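Here is how the chains run, residue by residue.
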Amino acid sequence: NNMKIMKNILSLCLLFAIQYAHADSVMIHVTGNILGSTCMVDTDSRNMNVDMGEAMSGQFRKAGSTGEWVDFQLSLSHCPAAISQVTSTFRGTADTDTPTYFANQGSGDGVALELSTRDHSQTLSSGDQTTTAVNAADGTGVVPLSARYVATTGNAKGGSFESVVEVTFTYE
């Protein structure tokens, strides 16, 4: 009988122990960033200054008159093998008279900036894009461009010329 009482007491103890052996659950919130593989914009292409040179205001007496093309390029390097092309998006203040061109923010009047692909097949306005292949052998890419003055109203007035175009690269 003592044995039976001991078994009952032991069973009761186990029953109470089971009731108090609950598990608590917790949530672990893990955060971080996965950075995409990108190309490196070469030093000469960062904050680039393109010297358009001087032009005479008399050259821009008629709307649509243009100056000489000035060629330049944006260069990329160290592109990972997974990147096969780069899309360049151009943004800047559009000229109020001819929104296809970028506005002159200098003191001159009646002249804007025409930005184009190097082969002049595409005039680039704010929001436009071009796509450039990446050289798989050396991981480089070149965005060849040209720019020139263009008369927007005719009878241009002399003064300084300054236009700012921001280029954003998207890697694919």
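Remember, it's a predicted structure, so these values are computed and weren't measured experimentally. (Residues numbered from 1 in each chain as written. Predicted model: local features only at pLDDT ≥ 70, side-chain atom pairs only at ≥ 80, totals over all residues. Heavy atoms only, no water.)

This part is about the overall build of the protein. Across its full length, the protein carries one helix and eight strands. Each helix (α) and strand (β) of the protein, taken in turn from the N terminus, gives the series α-β-β-β-β-β-β-β-β. For the protein, the proportion of its 172 residues judged to be buried stands at 30%. Across the protein, the fraction of contacts at a sequence separation of at least 24, relative to all contacts at a separation of at least 6, is 81%. Carbon and sulfur atoms form 52% of the exposed surface of the protein, whose accessible area is close to 11800 Å². (Helix = DSSP H or I, 4+ residues; strand = E, 2+ residues; numbered from the N terminus. Buried < 20%, exposed > 50% of the residue type's maximum accessible area, 1.4 Å probe, protein only. Contact = heavy atoms within 4.5 Å. Areas by Shrake-Rupley, 256 points an atom, 1.4 Å probe, with all protein chains shown as cover.)

What follows concerns the packing of aromatic side chains. Under the criterion given, the structure shown has two aromatic pairs. Relative to Phe-161, the ring of Tyr-149 lies with its centre 4.9 Å away and its plane at 80°, an arrangement referred to as edge-to-face. Separated by twelve residues along the polypeptide, Tyr-149 in strand S7 (residues 141-151) and Phe-161 in the loop between S7 and strand S8 (165-171) bring together distant segments of the chain. On the basis of relative accessible area, Tyr-149 is assigned to the buried category, the value being 11%. Given the relative accessible area of 24%, Phe-161 is considered partly exposed. These aromatic residues form a ring-pair network of at least three members: Phe-60, Tyr-149 and Phe-161. (Phe/Tyr/Trp six-rings, centres within 6.5 Å; stacked < 30°, edge-to-face > 60°.)

Phi is positive for His-120, close to 60°, though the residue is something other than glycine. With respect to the element layout, His-120 can be found in the loop between strand S4 (111-117) and strand S5 (123-124). We note that Asn-155 has phi near 50°; this positive angle belongs to a residue other than glycine. Assignment of secondary structure puts Asn-155 in the loop between S7 and S8. Here Asn-155 falls in the exposed class, since its relative accessible area comes to 53%.

On to the sheet that holds S5. Taken in spatial order, the five strands of this open sheet run S1-S2-S7-S4-S5, and their pairing is antiparallel. Looking at which strands have only one partner, the edges of the open sheet turn out to be strand S1 (40-41) and S5. Looking at chain direction, S4 and S7 are connected through seven bridges and run antiparallel. Bridge pairing in S7 links Ala-112 to Val-150. (Pairing = 2+ DSSP bridges.)

Turning next to the state of the cysteines. On inspection of all chains with the given rule, the structure shows one disulfide. In this model Cys-39 forms its disulfide with Cys-79; the gap between the sulfur atoms is 2.0 Å. On the sign convention where negative is left-handed, the bridge of Cys-39 and Cys-79, at about 120° about the S-S bond, is right-handed. Placement of the pair is Cys-39 in the loop between helix H1 (2-20) and S1 and Cys-79 in the loop between strand S2 (70-77) and strand S3 (85-92), with a sequence separation of 40 residues. (Disulfide = S-S within 2.5 Å.)

With respect to the helices, strands and loops of the structure, Glu-114 is situated in strand S4. Judged by relative accessible area, which is 6%, Glu-114 ranks as buried. At a separation of 3.3 Å, a polar atom in the side chain of Glu-114 contacts the side chain of Thr-123. Polar side-chain contacts of Glu-114 include one of 2.8 Å to the side chain of Arg-148. In this view, Glu-114 contacts Thr-66, Trp-69, Tyr-101, Thr-123, Ser-146, Ala-147, Arg-148 and Val-150; residues no more than four positions away in its chain are not counted. (Polar contact = N/O pair within 3.5 Å; in protein donor to acceptor, adjacent residues only side chain to side chain.)

Moving on, we get to the pairing of S3. Direction of pairing for S3 relative to strand S6 (residues 129-133): antiparallel, over a ladder of five bridges. Following the sheet pairing, Thr-89 is matched in S6 by Gln-129.

Purely geometric numbers; function is a separate question.
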